[in-house]
Amino acid sequence: MQSIRRLGYTVRPATFDDLPNAVRLFNACSKETLGVEQVDENAIRVEWKTPRFALETDTRLVHDGDRLVGYVEFWDVQEPHVRYHFWGRVDPEYRGRGIGAALVGWAEQRAAASIPRAPAEALISLGQGVTEADEEARSLLESRGYEQTRSFYRMRVDFDGTLPEPAWPNGIRVRAFDPTADLEALVRAVRDAFRDHWGYVDSRLEEEIESWQQWIRDDDRFDPTLWFLAVDGVEIVGMSLCQEADAENPDLGWVNVLGVRRRWRRRGIALALLHHSFSSLRERGRSGAGLGVDATSLTGANRVYEKSGMHPERRTDAMEKTLRPGVDLRRQTL
């Protein structure tokens, strides 16, 4: 960050007092590239409270006087510490001044400090998602050795006309999540369902449970009556974890997590969960629903979503750089 300090900018970690200004910066950037405000204070506050994520060591703010003009955060919160992510934003009026390059450089230095935490033989990667409209960010990352490794879609369905009734396979029923009784079983089921997704890395169950507890505790949008569990007897076999309103578009509901465990796939459970979720969200007054999906999902999830009537609305590309070669511990294929 020395290069931009010499230009008169100040650099420091974020604090929770910076939350309103940070959200304004993030939304100014998304308005510039996408035409919408993507986040609110609730969403960022929940992220900043994630266990093992520390504002002091994992964020940097860039100010021009009192004006927040740049932000970057670094993520490495779960073992085995092999797949790092960062996320940065520069005020649209301050682009082209070297701030973006300085933010990426800081993230790479921060990542280098985490490498000793990983297994000695493991490949280490650092990545950031870039929307298809943000060519400036893509060019910056490519100039520093990042390559596109995957694409993801934001998908949407509008609730026009009569929605299909969910068709549950024999022996499968749906019920709402009980935060007191179901948490560990749900986390285990999600781990099993997403084990077949590209990039999956095994992590400690205890760390994941702690992260879910924090999400449930701190997210103002958490509503257990919109967390739907498909069960076979008492066993959780699939899940659709929804929130009533999307921060980007409050007219839409949002499906945060949707998955089915391998043993119960290809029986129509995912489609039934979607149809059940859509009906429930329309009952709450939503005009449609959205979710995010791997564009080339190993489990064919995008085909299920298309069958439910959803269509891609926007693409985000994963840009990654190998920091250290070695054995790739991430899931690549089924």
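Residues numbered from 1 in each chain as written. Predicted model: local features only at pLDDT ≥ 70, side-chain atom pairs only at ≥ 80, totals over all residues. Heavy atoms only, no water.

### Some thoughts on the packing of helix α7 (residues 183-194) against helix α8 (residues 205-218)
The relative placement of two packed helices is expressed as an angle between their axes plus a distance between the axes. Between α7 and α8, the least distance of the axes is 10 Å, while the angle of their chain directions is 115 degrees. Considering how the two elements wind past one another, α7 and α8 form a crossing that is right-handed. Between α7 and α8, the contacting residues are L183, E184, L186, V187, R188, V190 and R191 on the first element and L205, E208, I209, W212, Q213 and I216 on the second. Of the residues that constitute the contact of α7 with α8, the class distribution is 8 nonpolar, 1 polar and 4 charged. (Axes fitted to C-alpha atoms, helices over the stretch in contact; angles between N-to-C directions. Helix = DSSP H or I, 4+ residues; strand = E, 2+ residues; numbered from the N terminus. Left-handed = near helix turned anticlockwise from the far one by under 90°. Contact = heavy atoms within 4.5 Å. Nonpolar A, V, L, I, M, F, W, Y, C, P; charged D, E, K, R; others polar.)

### As for the sheet that holds strand β10 (residues 252-260)
Taken in spatial order, the 12 strands of this open sheet run β1-β2-β3-β4-β5-β12-β6-β11-β10-β9-β8-β7, and their pairing is mixed. With one partner strand each, in any of the chains shown, β1 (10-12) and β7 (172-176) form the two edges of the open sheet. Strand-to-strand twist across the sheet, computed as the mean angle between neighbouring axes with direction ignored, equals 25 degrees. Pairing analysis gives 6 bridges linking strand β2 (residues 59-64) to strand β3 (residues 67-75), with the strands arranged antiparallel. Of the residues in β3, the one forming a bridge with V62 is G70. Its contacts with the sheet put α7 on β8 (227-232), β9 (235-243) and β10, and the angle it makes with β9 is roughly 90 degrees. (Pairing = 2+ DSSP bridges.)

### Notes on unusual backbone geometry
Here the residue pair E79 and P80 is connected by a cis peptide bond, since its omega of 10 degrees sits within 30 degrees of zero. On the secondary structure map, P80 appears in the loop between β3 and β4 (83-90). Phi is positive for R52, close to 70 degrees, though the residue is something other than glycine. For R52, a relative accessible area of 33% corresponds to the partly exposed category. Backbone geometry places H81, a non-glycine residue, at a positive phi of 60 degrees. If you trace the backbone, H81 turns up in the loop between β3 and β4. On the basis of relative accessibility, which here comes to 7%, the residue H81 falls in the buried class. (Buried < 20%, exposed > 50% of the residue type's maximum accessible area, 1.4 Å probe, protein only.)

### Some words on the packing of helix α2 (residues 19-34) against helix α3 (residues 41-48)
Put simply, α2 and α3 touch, their axes get as near as 10 Å, and they point 115 degrees apart. In terms of their interaxial angle, α2 and α3 are classed as roughly perpendicular. For the pair α2 and α3, the sense of crossing is right-handed. Contact residues: α2 offers L19, P20, A22, V23 and F26, while α3 offers E41, I44, R45 and W48. Along the lines of polarity and charge, the residues of the contact of α2 with α3 split into 7 nonpolar, no polar and 2 charged. (Parallel < 35°, antiparallel > 145°, perpendicular 65-115°, else oblique.)

### Let's talk about the environment of K49
For K49, the position within the fold is in the loop between α3 and α4 (55-58). Note: C-alpha distance between K49 and D218 (169 residues apart in sequence) is 8.0 Å. Those residues in contact with K49 that sit more than four places away from it in its chain are F16, Q214 and D218.

Remember that the coordinates give geometry; whether it matters functionally is a separate question.
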